[in-house]
Amino acid sequence: MEIIAEINKMSLVFPLKFRQAATLRDVFVQAVMKPIDTLFKAPQYLEIIRDLDLKIVRGDRVALIGVNGVGKTTLCRTIAGIYRPNRGSIKINGNVRAIFDTSVGIFPELTGRENAHILTNFLFPNLERREERVQEALEFTELGSFLDTPYKFYSNGMQTRLCLSVLTMEPTDLLILDEVFEGADQFFREKISNRVVDIIERSGAVIFVSHNESQLLRTCNRGIVIAGGKAVFDGSVEEALAIYRDDHDPRKKVVAQA
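What this report covers is the structure whose coordinates are included nearby.

The rules we used
Residues numbered from 1 in each chain as written. Predicted model: local features only at pLDDT ≥ 70, side-chain atom pairs only at ≥ 80, totals over all residues. Heavy atoms only, no water. Axes fitted to C-alpha atoms, helices over the stretch in contact; angles between N-to-C directions. Helix = DSSP H or I, 4+ residues; strand = E, 2+ residues; numbered from the N terminus. Parallel < 35°, antiparallel > 145°, perpendicular 65-115°, else oblique. Left-handed = near helix turned anticlockwise from the far one by under 90°. Contact = heavy atoms within 4.5 Å. Nonpolar A, V, L, I, M, F, W, Y, C, P; charged D, E, K, R; others polar. Pairing = 2+ DSSP bridges. 1 Å grid on protein atoms, 1.4 Å probe; cavity = no way out; pocket = protein on both sides within 12 Å on 5 of 7 lines; lining within 4 Å. Points joined across faces, edges and corners; volume = space filled by probe spheres on them. Expected span 1.5 Å × (residues − 1). Buried < 20%, exposed > 50% of the residue type's maximum accessible area, 1.4 Å probe, protein only. Arc of directions from axis to C-beta.

Before going further, it helps to spend a moment on the packing of helix H3 (residues 112–123) against helix H5 (residues 156–167). In contact at an axis separation of 10 Å, H3 and H5 are set at 30° when each is read in the N-to-C sense. Our classification of the angle between H3 and H5 gives roughly parallel. The chirality of how H3 crosses H5 is right-handed. Residues Gly-112, Ala-116, Leu-119, Thr-120 and Leu-123 of H3 touch H5, and the partners they reach there are Leu-162, Val-166 and Leu-167. Its residues assigned to classes, the contact of H3 with H5 shows 6 nonpolar, 2 polar and no charged.

Let us look at the sheet that holds strand S6 (residues 174–178). Two strands in a sheet stick together by hydrogen bonds in their backbones, pointing the same way (parallel) or opposite ways (antiparallel). Spatially, S5-S6-S7-S3-S8-S9 is the arrangement adopted by the 6 strands of the open sheet, whose pairing is mixed. The open sheet has two edge strands with one neighbour each: strand S5 (96–99) and strand S9 (230–235). Averaged over all neighbouring strand pairs, the angle between strand axes comes to 15°, with direction disregarded. Inspection of the sheet shows S5 paired to S6 by 4 bridges, in the parallel sense. Residue pairing across strands places Arg-97 opposite Leu-175, the latter belonging to S6.

The subject of this paragraph is empty space enclosed by the protein. All told, the structure shown has 2 cavities of 30 Å³ or more when counted by the stated rule. Within this model, the second largest cavity holds a volume of roughly 40 Å³. What lines the second largest cavity is simply Ile-48, Ile-49, Leu-52, Val-70, Gly-71, Leu-75, Ile-226, Gly-229, Lys-230 and Ala-231. Secondary-structure elements contributing two or more residues to the lining of the second largest cavity are strand S2 (44–57) and S9. For the lining of the second largest cavity, the element with the highest residue contribution is S2, accounting for 3 residues. Classifying every residue of the lining of the second largest cavity by side-chain character gives 7 nonpolar, 2 polar and 1 charged.

In this model helix H4 (residues 130–141) runs 17 Å from its N-terminal to its C-terminal C-alpha over 12 residues, within 8% of the 16 Å that 1.5 Å per residue would give. Arg-130, Arg-133, Val-134, Ala-137, Leu-138, Phe-140 and Thr-141 are the residues of H4 that are buried. The arc that holds every buried residue of H4, seen down its axis, measures 155°, which confines them to one face. Facing away from the buried surface of H4 by more than 90 degrees, the exposed residues are Glu-131 and Glu-139. Its buried side turned inward, H4 meets H3, H5 and helix H6 (186–202). Following H4 by one or two positions, Glu-142 has its phi on the positive side, about 60°.

Note that all results are geometric; they support no functional claim without further evidence.
What follows is the structure, encoded as structure tokens:
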């Protein structure tokens, strides 16, 4: 099987705070605000990902599952090359397209149509039939005359319609989708969901972060549960969701506390 992404013993650490007393004046001012013994403490760190091993092969549609703050987005951003791991390595075979924030690369003063052309030139420099494909994406948004008004006047839902329609034009070797449907209205969410499924099927491999179980079950063939900076389960999506629900069942927490 062709390996698209290979992660070996990867760890990522974020600083919680830095040494703050840089000068005597800082010491004096901060002493008024906080106890003196906190001024000279060494910086503290939080280990987000810990010795993670993971292989993603062509054909994998991975549902990345875990509670908010567990490190799912951080892991995806590290795979995409936004963060550098403190330890370990990541090897990518092919091109990566990661969708985290649909507004990245947008110029608010320009119209939706103008932004669509700019995004397409940036994301798909070798796109064939460029004008035809851009027009198809613009029609897909159903924004009509709003396409020729400045983007800054768009509602959140309209912004999501435009950006997702452009971002999902072409497949790639590794596609990372992180809560991409947030902000879309209910009608368009169903429509764009079908478009995303098509892109997922045509891409080499996919990492999908979502709390929508029906979407994960529909699109993914592998489930990974993240907890404590590690992959605590790697198997079927159904089992992964069952483990996630079981570990975070509020009724069990009440019993445990009692």
